[in-house]
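Chain by chain, the residues run as shown.
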Amino acid sequence: MDTIHHLFNNNRAWAQAMINKDPEYFHRLAAQQAPDYLWIGCSDSRVPANQVIGLDPGEVFVHRNIANLVVHTDLNCLSVLQYAVEVLGVEHIIVCGHDHCGGCHAAMDTVDRGLIDNWLRHLRDIYLKHRDHLDAITALEERLTRFCQLNVIEQVYNVCHTTIVQRAWGRGQNLLVHGVFYSLDDGLLRDLAVSIDSADAISKVHRLVDTHR
Ligand code: CO
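Looking at helix α6 (residues 116-129)
1) Next: In a regular helix each residue adds 1.5 Å, so 14 residues correspond to 20 Å; α6 covers 21 Å between its end C-alpha atoms and thus fits that length.
2) Next: Those residues of α6 lying buried are D117, L120, L123, I126 and Y127.
3) Next: For α6, the secondary structure elements touched by its buried residues are α5 (102-106), α7 (131-135) and α8 (140-161).

Right under this line is the structure:
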């Protein structure tokens, strides 16, 4: 039987290396986590949050799912968001998408994959919203990349539309929501220039806090 024994060996070597660098490392982390960032990213094994932004354990709170979606009825994602904002007091929420995303790619074809199609359905809705723009891009790889980027932007707004983020802004908490894009081709993270720090930037339809009293 194949085992995961080698993973325990890896772990022991890693823990020892961390202690060699900083003998108090684990004691300090066990006492408290105080990350400044919440990362909402794709489950894709090629986009590990901490490595991509060069942060150690304890420095970024992470939620990942297929295609980095923020669905307003997803208790898992919303609970992570609430804890990050209200208890940890993060100042930055980073929604990160990436090129060659299998979730976005699957949402562009007509294959029946069963249960997961219910999740990918959110992506199909986004495609439909931007259909004219996306269909006009003839190169498939380029269209997929643009779709992945538009998805990030939509998810940034989905974060902003939550009661959690709007309440935080309403009580004057500093909170910025960013959309970034990671490229598997060169390992670089790019800013999609959709950083939002107040309800002023979201549609009136979604606003829960009146900022113009
Ligand atoms: Co992905």
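Concerning the coordination of the cobalt ion
1) Next: Summarising the metal site, the cobalt ion is bound by the protein donors C42 (SG), H98 (NE2) and C101 (SG), whose distances to it range over 2.1 to 2.2 Å.
2) Next: Site description for the cobalt ion: donor spacing in sequence, C-x55-H-x2-C.
3) Next: For H98, a relative accessible area of 1% corresponds to the buried category.
4) Next: The class of C101 is buried, set by a relative accessible area of 1%.

What about the nonpolar core?
Most often, soluble globular proteins keep nonpolar side chains buried together rather than apart.
1) Next: In terms of nonpolar packing, the biggest core is built from 48 residues, with L38, L81, I93 and V159 touching the most fellow members.
2) Next: If one sorts the elements of this core by residue count, α8 sits on top with nine residues.
3) Next: Discounting chain neighbours no more than four positions away, the residues touching L38 are F61, V62, H63, V80, L81, A84, V90, H92, I93 and I94.
4) Next: Membership of the second largest hydrophobic core comes to eight residues, among which are V47, A49, V180 and Y182.

Quick look at the domain arrangement of the chain
1) Next: Structurally, the chain comprises domain 1 (1-31) and domain 2 (34-206).
2) Next: The C-alpha centroid of domain 2 is placed 30 Å from the C-alpha centroid of domain 1.

Let's talk about the side chain of Q149
1) Next: Assignment of secondary structure puts Q149 in helix α8.
2) Next: Beyond its immediate chain neighbours, meaning those up to four positions away, Q149 contacts F181 and L192.

Focus: a nonpolar patch on the surface
1) Next: The grouping of I4, L7 and F8 at the surface amounts to a nonpolar patch, some 300 Å² of accessible area in total.
2) Next: Structurally, the position occupied by L7 is in helix α1 (residues 5-21).

Thoughts on the side chain of N65
1) Next: Mapped onto the elements of the fold, N65 is located in strand β2 (residues 60-65).
2) Next: With relative accessibility at 9%, the residue N65 sits in the buried group.
3) Next: Only 2.8 Å separates the side chain of N65 from the backbone nitrogen of L69, close enough to count as a polar contact.
4) Next: Apart from the residues within four sequence positions on either side, N65 is in contact with G41, C42, S43, D74 and W119.

Describing the pairing of strand β1 (residues 37-42)
1) Next: Among the six residues of β1, five are classified as buried, and the element is accordingly described as predominantly covered.
2) Next: Inspection of the sheet shows β1 paired to strand β3 (residues 92-98) by four bridges, in the parallel sense. The partner of W39 across the bridge, within β3, is I94.

As for the environment of A136
1) Next: Among the structural elements, A136 can be located in the loop between α7 and α8.
2) Next: The class for A136 is exposed, based on a relative accessible area of 59%.
3) Next: Sequence separation of A136 and Y157 is 21 residues, and the distance between their C-alpha atoms is 24 Å.

Rules used throughout
- Residues numbered from 1 in each chain as written.
- Predicted model: local features only at pLDDT ≥ 70, side-chain atom pairs only at ≥ 80, totals over all residues.
- Heavy atoms only, no water.
- Helix = DSSP H or I, 4+ residues; strand = E, 2+ residues; numbered from the N terminus.
- Expected span 1.5 Å × (residues − 1).
- Buried < 20%, exposed > 50% of the residue type's maximum accessible area, 1.4 Å probe, protein only.
- Contact = heavy atoms within 4.5 Å.
- Donors = N, O, S within 2.8 Å, 3.2 Å for Na, K, Ca; no water.
- Core = buried A, V, L, I, M, F, W, Y, C linked by side-chain atoms within 4.5 Å.
- Domains from an automatic or database assignment.
- Patch = residues over 30% accessible without salt bridge, like charges linked within 9 Å, V, L, I, M, F, W, Y side chains within 5 Å.
- Areas by Shrake-Rupley, 256 points an atom, 1.4 Å probe, with all protein chains shown as cover.
- Salt bridge = Lys/Arg side-chain N within 4 Å of Asp/Glu carboxyl O.
- Polar contact = N/O pair within 3.5 Å; in protein donor to acceptor, adjacent residues only side chain to side chain.
- Pairing = 2+ DSSP bridges.

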